[in-house]
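Chain by chain, the residues:
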Amino acid sequence: MLQIRDVHKTFDGNEILKGIDLDIDQGDIIVIMGPSGSGKTTFLRCIEFLERADRGHLFFRGEAPLEADMHRASNQTIAQVRRRMGFVFQNYNLFANKTALENVTEGLILGRRIPRQEAERMGRAALERVGLADRMDYYPSRLSGGQQQRVGIARAIVGGPDVILFDEPTSALDPELVGEVLAVIKDLAEGGATMIVVTHEMGFARQVASRVVFMADGSVLETGTPEEIFDHPRHERTQQFLSNL
């Protein structure tokens, strides 16, 4: 469904991504793991065009093909790519002065020009999907961290994206709130959603991932099933990382 090829990114002379390739089939749950500074978040941000890659290409296959040069893509092409993706941030990125429903519908109304009534219908359905039917009119200050992240997930899924990107979705949560967010992600996975998830939650990766990608120093060092990566890692750096967890 989605092919990503030869992604490079340098910040201040430091090469963060050194030619990353990734293939995603419909229904895949790709978990990307690796040490801090390995380029995982930068890779996701380049896919979503929140950062401009120095080099790379992105290809959506299927009935509605789309190709994007990840360095030179026009604003129109970027908008087309973003309509086919949802992004869940580490720190929620909610508007403090808007309700849960308004946070979910803002992009539909302003970005996609969907009529407010239809956008609100879609927003309510997304919030119900993540278990927040009774919190639609709450502002972020009245929601727990787990509830705020679930609003972020609702915002990511409301437009029916082809693929959802999760950037360490539980890293900002208190430990007792991690489970409720992972449960929502697992439910989406069981419903057939296609995802790329950057996470350190190894138990989640074992249970849910169809494929695990291990990154270090800006490169993909190893990829395989959860069993292959966790029980029989081949690369010395993977073995070292797992032994330190």
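Here's what I pulled together on the structure shown here. (Residues numbered from 1 in each chain as written. Predicted model: local features only at pLDDT ≥ 70, side-chain atom pairs only at ≥ 80, totals over all residues. Heavy atoms only, no water.)

## Some remarks on helix 3 (residues 100-111)
Then step 1. For helix 3, built from 12 residues, the straight-helix expectation of 16 Å at 1.5 Å per residue is met to within 8% by its first-to-last C-alpha distance of 17 Å.
Then step 2. By the burial criterion, the buried members of helix 3 are A100, L101, N103, V104, T105, L108 and I109.
Then step 3. Where helix 3 is buried, its residues touch helix 4 (116-129) and helix 5 (145-157).
Then step 4. Once helix 3 ends, the next one or two residues include R113, with phi positive near 60°. (Helix = DSSP H or I, 4+ residues; strand = E, 2+ residues; numbered from the N terminus. Expected span 1.5 Å × (residues − 1). Buried < 20%, exposed > 50% of the residue type's maximum accessible area, 1.4 Å probe, protein only. Contact = heavy atoms within 4.5 Å.)

## Here we look at the environment of V208
Then step 1. Locating V208 in the fold gives a position in helix 7 (residues 202-208).
Then step 2. Expressed as a C-alpha distance, the spacing of V208 and I30, which sit 178 residues apart in the sequence, is 9.0 Å.
Then step 3. Apart from the residues within four sequence positions on either side, V208 is in contact with I29, K186 and A189.

## As for the pairing of strand 10 (residues 219-224)
Then step 1. Note: strand 9 (residues 211-216) against strand 10, five bridges, orientation antiparallel. Bridging across to strand 10, A216 finds its partner in S219.
Then step 2. Between strand 9 and strand 10, which pair antiparallel one after the other, the connecting turn spans two residues, and D217 there sits at a positive phi close to 55°. (Pairing = 2+ DSSP bridges.)

## Points about unusual backbone geometry
Excluding glycine, residues mostly carry a negative phi; peptide bonds, for their part, are mostly trans.
Then step 1. Backbone geometry places D6, a non-glycine residue, at a positive phi of 55°.
Then step 2. Structurally, the position occupied by D6 is in strand 1 (residues 2-11).
Then step 3. Non-glycine residue F49 carries a positive phi angle of around 65°.
Then step 4. Here F49 shows up in the loop between helix 1 (40-47) and strand 4 (55-60).
Then step 5. A relative accessible area of 7% means that F49 is categorised as buried.

## Some words on the sheet that holds strand 1
Then step 1. The strand order across the open sheet formed by four strands is 2-1-4-5, and the pairing between neighbours is antiparallel. Edge strands, defined here as strands with exactly one partner in the open sheet, are strand 2 (14-24) and strand 5 (66-69). On average, each strand axis in the sheet is inclined to that of its neighbour by 15°, with strand direction left out of account.
Then step 2. As judged from the four bridges shared by strand 4 and strand 5, these two strands associate in the antiparallel manner. In the strand pairing of strand 5, F60 is matched with L66.
Then step 3. Set on the sheet, helix 1 makes contact with strand 1, strand 2 and strand 4; between it and strand 1 the angle comes to about 120°. (Axes fitted to C-alpha atoms, helices over the stretch in contact; angles between N-to-C directions.)

## Comments concerning helix 6 (residues 175-190)
Then step 1. Spanning 16 residues, helix 6 covers 24 Å between terminal C-alpha atoms, matching the ideal 22 Å at 1.5 Å per step.
Then step 2. All of the buried residues along helix 6 are L177, V178, V181, L182, V184, I185, L188 and A189. Buried positions in helix 6, seen along its axis, are confined to an arc of 155° and lie on one side of it. Residues E176 and E190 are exposed on helix 6 and point more than 90 degrees away from its buried face.
Then step 3. Here the buried face of helix 6 lies against strand 3 (29-33), helix 4, helix 5, strand 7 (163-167), strand 8 (195-198) and helix 7.
Then step 4. Two residues or fewer after helix 6 comes G192, characterised by a positive phi angle close to 95°. (Arc of directions from axis to C-beta.)

## Considerations on the nonpolar core
Then step 1. In terms of nonpolar packing, the biggest core is built from 52 residues, with M33, L127, I153, F166, L188 and M195 touching the most fellow members.
Then step 2. The biggest single contributor to this core is helix 6, with eight residues.
Then step 3. Ignoring anything within four residues of it in the chain, the contact list for M33 reads K40, T199, M202, V212, V213, F214, M215, I229, F230, F241 and L242. (Core = buried A, V, L, I, M, F, W, Y, C linked by side-chain atoms within 4.5 Å.)

## Notes on the packing of helix 4 against helix 5
Then step 1. Between helix 4 and helix 5, the least distance of the axes is 9 Å, while the angle of their chain directions is 130°. It follows from the interaxial angle that helix 4 and helix 5 lie oblique. Here the hand of the crossing between helix 4 and helix 5 comes out right-handed. In this structure, helix 4 uses A126, L127 and R129 to contact helix 5, whose residues at the interface are V151, A154 and I157.
Then step 2. For the contact of helix 4 with helix 5, the class distribution of residues is five nonpolar, no polar and one charged. (Parallel < 35°, antiparallel > 145°, perpendicular 65-115°, else oblique. Left-handed = near helix turned anticlockwise from the far one by under 90°. Nonpolar A, V, L, I, M, F, W, Y, C, P; charged D, E, K, R; others polar.)

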